[in-house]
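Here is how the chains run, residue by residue.
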Amino acid sequence: KLDMWFTEQQTKDVRTSCRTKKILHQENTPFQSLAVIDTDQYGRVLVLDNIIQTTIMDEFVYHEMITHVALNTHAAPERVLVIGGGDGGAVREIVKHQSLEKVVHCEIDGAVVDASRKYLPEISCAMDHPKVEIVIDDGIKHVRENKGAYDVIIVDSTDPIGPAEGLFSASFYKDIFNSLKDDGIFVAQTESPFFNRDLIPRLYSDISGIFPLTRLFLAVVPTYPGGLWTFTMGSKKYDPCDTDIVRTPDLNTRYYSPEIHRTCFVLPPFVKELL
Ligand code: AG3
């Protein structure tokens, strides 16, 4: 049998590979190359521009952490916006919240949504939920056109190269600030503390310049470069580190928990020194 491997070039000097059973889908969309592959170790994997976006093995860590930390920090999130995250994993977690009235899912590339619906049903399963509205559009444009509209905004982007570059800029964070209500919260995935040591401090200082409260938290996502991943939160009012803030609804999660909510803000010195 043919020995087939998918290789991601994680940095100029590092590549990692996984054995690939089957290429389920491959296309060039107007924005990027898209593939869904089936692997022995990770199960099905969504790949954009040759970069692993999410895998069946560890997607729960990332999707639970990019959503529940912010949603449980807010007193009662009703209107939530997801920018990017075309696979639907963040939306699947958001609809678990009782207070939710509507989640707008704004993804620039409709082909990602279609491929996830077809090949990643475990991840895309909430796309047809009655509270979900999928908008195929540019997130930068969407926040500019929707001022004061949201309780929580989640930026589930690809890496800061290619189509997502504009999602890592101070001007975008200002537009996000304006698109949030007076007690709104924003979270973005902000890459690896091992490999993105210039990016993280830049984003943290951009966000600190706009939001009264900025917090960085960590989670372990083995299929991402370095395995340890950062998320950065900007908040207008609520502090996610207030110990009394976490109500404990049963969200049926596998990584997130009230203890993880408290401890994910505890940073090792090599991460602290970035901020
Ligand atoms: N967003 C992509 C995280 C960045 C992964 N980077 C990498 N593998 N080099 C995840 C999308 C999942 N909804």
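None of the values given here were measured: they were computed from a predicted structure. For every chain, the first residue of its written sequence is number 1, and the numbers climb from 1 along that sequence. Restriction of local features to residues with pLDDT of at least 70 applies here, the model being predicted, together with a cutoff of 80 or more for giving and counting side-chain atom pairs; totals for whole chains, interfaces and linings are based on all residues.

**Q** What should I look at first to understand the overall build of the protein in this one?
**A** Put simply, DSSP H or I for four residues or longer makes a helix, DSSP E for two residues or longer makes a strand, and each gets a number counted from the N terminus. Check the secondary structure of the protein and you find nine helices and twelve strands. Between the two quantities, the radius of gyration covers C-alpha atoms and the globule rule is 2.2 Å times the number of residues to the power 0.38. What you see for the protein is a C-alpha radius of gyration of 18 Å, in line with the 19 Å of a compact globule of 275 residues. For the C-alpha atoms alone, the extent of the protein along its principal axes is close to 55 × 45 × 35 Å. Of all 275 residues assigned to the protein, the portion counted as buried reaches 44%. Of all intrachain contacts in the protein linking residues separated by at least 6 positions in sequence, the fraction that spans at least 24 positions is 67%. Any residue surrounded by 20 or more other C-beta atoms within 10 Å of its C-beta is treated as buried, while 12 or fewer makes it exposed and the intermediate range makes it partly exposed; C-beta atoms here are placed from the backbone. A pair of residues counts as a contact when their C-beta atoms, built from backbone coordinates, are within 7 Å of each other.

**Q** Help me understand the domain arrangement of the protein in this model?
**A** Accessible area lost during the coming together of the parts is what is often quoted as the interface size. The domain boundaries here were taken from an automatic or database domain assignment. Each domain of the protein was delimited in the assignment, giving domain 1 (5–55) and domain 2 (59–272). In this structure, domain 1 and domain 2 have C-alpha centres spaced 23 Å apart. For the side of domain 1 that touches domain 2, the secondary-structure elements that each account for two or more residues are β1 (5–11), β2 (14–28), β3 (33–39), β4 (43–48) and β5 (51–55). At five residues, the largest contribution of residues to the side of domain 1 that touches domain 2 is made by β5. Gly counts as polar in this scheme, as do all residues outside two lists: the nonpolar Ala, Val, Leu, Ile, Met, Phe, Trp, Tyr, Cys and Pro, and the charged Asp, Glu, Lys and Arg. Partitioned by chemical class, the residues of the side of domain 1 that touches domain 2 number nine nonpolar, eight polar and three charged.

**Q** Sorry, what's going on with the sheet that holds β2 here?
**A** Strand pairing in a sheet is mediated by backbone hydrogen bonds. Such pairs are either parallel or antiparallel. A strand pair is defined by DSSP finding two or more bridges across the two strands. An order of β1-β2-β3-β4-β5 is seen for the five strands of this open sheet, with the pairing classed as antiparallel. The sheet is open, and its two borders are formed by β1 and β5, each paired with just one other strand. Averaged over all pairs of adjacent strands, the angle between their axes in this sheet comes to 45°, without regard to strand direction. Judged from the six bridges that link them, β3 and β4 form a sheet pairing that is antiparallel. Whenever a helix is involved, its axis is fitted only over the stretch in contact; in every case the axis is a line through C-alpha atoms, and angles between N-to-C directions fall within 0 to 180 degrees.

**Q** How do you make sense of the confidence of the model for the protein when you look at a structure like this?
**A** Interpretation of the predicted coordinates at a detailed level should be avoided for regions scoring low in pLDDT. Summarising the model, the protein shows a mean pLDDT of 96, and 99% of its residues fall at 70 or more. Across the interfaces of the predicted complex, the ipTM metric reaches 0.97, alongside a pTM of 0.97. Residue-level confidence of the predictor is summarised by pLDDT, bounded by 0 at the bottom and 100 at the top.

**Q** What's the story with unusual backbone geometry in this structure? I'm lost.
**A** Most peptide bonds are trans, and most residues other than glycine sit at a negative phi. Within the chain, Asn 50 stands out as a residue other than glycine whose phi angle is a positive 65°. Position of Asn 50 relative to the elements: it lies in the loop between β4 and β5.

**Q** What exactly am I supposed to notice about the sheet that holds strand β11 (residues 213–220) here?
**A** If you trace the seven strands from one edge of the open sheet to the other, you get β8-β7-β6-β9-β10-β12-β11, paired in mixed fashion. Each edge of the open sheet is held by one strand with a lone partner, namely β8 (132–136) and β11. Between one strand axis and the next, the sheet turns by 15° as a mean value, whatever way the strands run. Where strand β7 (residues 102–107) lies against β8, five bridges are found, and the strand directions are parallel. Bridging across to β8, Cys 106 finds its partner in Val 135. Across the sheet, helix α6 (residues 170–179) lies against β9 (150–156), β10 (180–189) and β12 (228–235), angled at about 140° from β10, the strand it touches most. In this fold helix α7 (residues 199–208) packs onto β11 and β12, with an angle of close to 10° to the strand it touches most, β12.

**Q** Honestly, the UniProt feature "binding site: spermidine" (unreviewed entry) in the protein in this entry has me stumped. Any pointers?
**A** The sites that UniProt annotates as "binding site: spermidine" (unreviewed entry) are His 63, Asp 87, Asp 156, Ser 157, Thr 158 and Asp 159. One can find Asp 87 in the loop between β6 (79–84) and α2 (89–94). Following the sequence through the fold, Thr 158 ends up in the loop between β9 and α6. With 22 C-beta atoms packed within 10 Å, Thr 158 lands in the buried category. UniProt positions are given in the numbering used here, feature names are shortened, and annotations may be inferred rather than shown by experiment.

**Q** Is there a simple way to think about the nonpolar core in this case?
**A** One recurring pattern in soluble globular proteins: nonpolar side chains tend to sit buried together. Core analysis: the largest hydrophobic core is formed by 51 residues, its most contacted members being Met 65, Val 82, Ile 153, Ile 154 and Val 187. If you tally residues by element for this core, the top one is helix α1 (residues 59–73), at eight residues. Once you skip the residues sitting within four places of it in the chain, Ile 153 turns out to touch Leu 81, Ile 83, Ile 176, Ser 179, Leu 180 and Phe 186. By definition, a nonpolar core groups buried Ala, Val, Leu, Ile, Met, Phe, Trp, Tyr and Cys residues that are joined through C-beta atoms within 7 Å. If you look at the next biggest cluster of nonpolar residues, it comprises 13 residues, including Leu 34, Leu 46, Val 112 and Ala 115.

**Q** Sorry if this is basic, but what is going on with the site of the ligand here?
**A** Around the ligand sit 14 residues in total, of which Ile 52, Gln 53, Thr 54, Gly 85 and Tyr 224 are the nearest. With four residues, β5 is the largest single contributor of residues to the shell around the ligand. Its residues assigned to classes, the shell around the ligand comprises four nonpolar, seven polar and three charged. Per-domain counts for the shell around the ligand show at least three residues from each of domain 1 (5–55) and domain 2 (59–272). In this text, near has one meaning. A residue is near a molecule or strand if its C-beta atom, placed using the backbone, is within 6 Å of it.

**Q** Can you walk me through helix α3 (residues 110–119) in this structure?
**A** Quick reminder: α-helices carry 3.6 residues per turn. Residues three or four places apart thus point the same way. The set of residues buried in α3 consists of Val 112, Ala 115 and Ser 116. The buried side chains of α3 occupy one side of the element, clustering within an arc of 100° when seen end-on. The inward-facing, buried residues of α3 abut β2, β3, β4, β7 and α4 (121–124). Each direction from the helix axis to a C-beta atom contributes to the arc, which is the arc of those directions.

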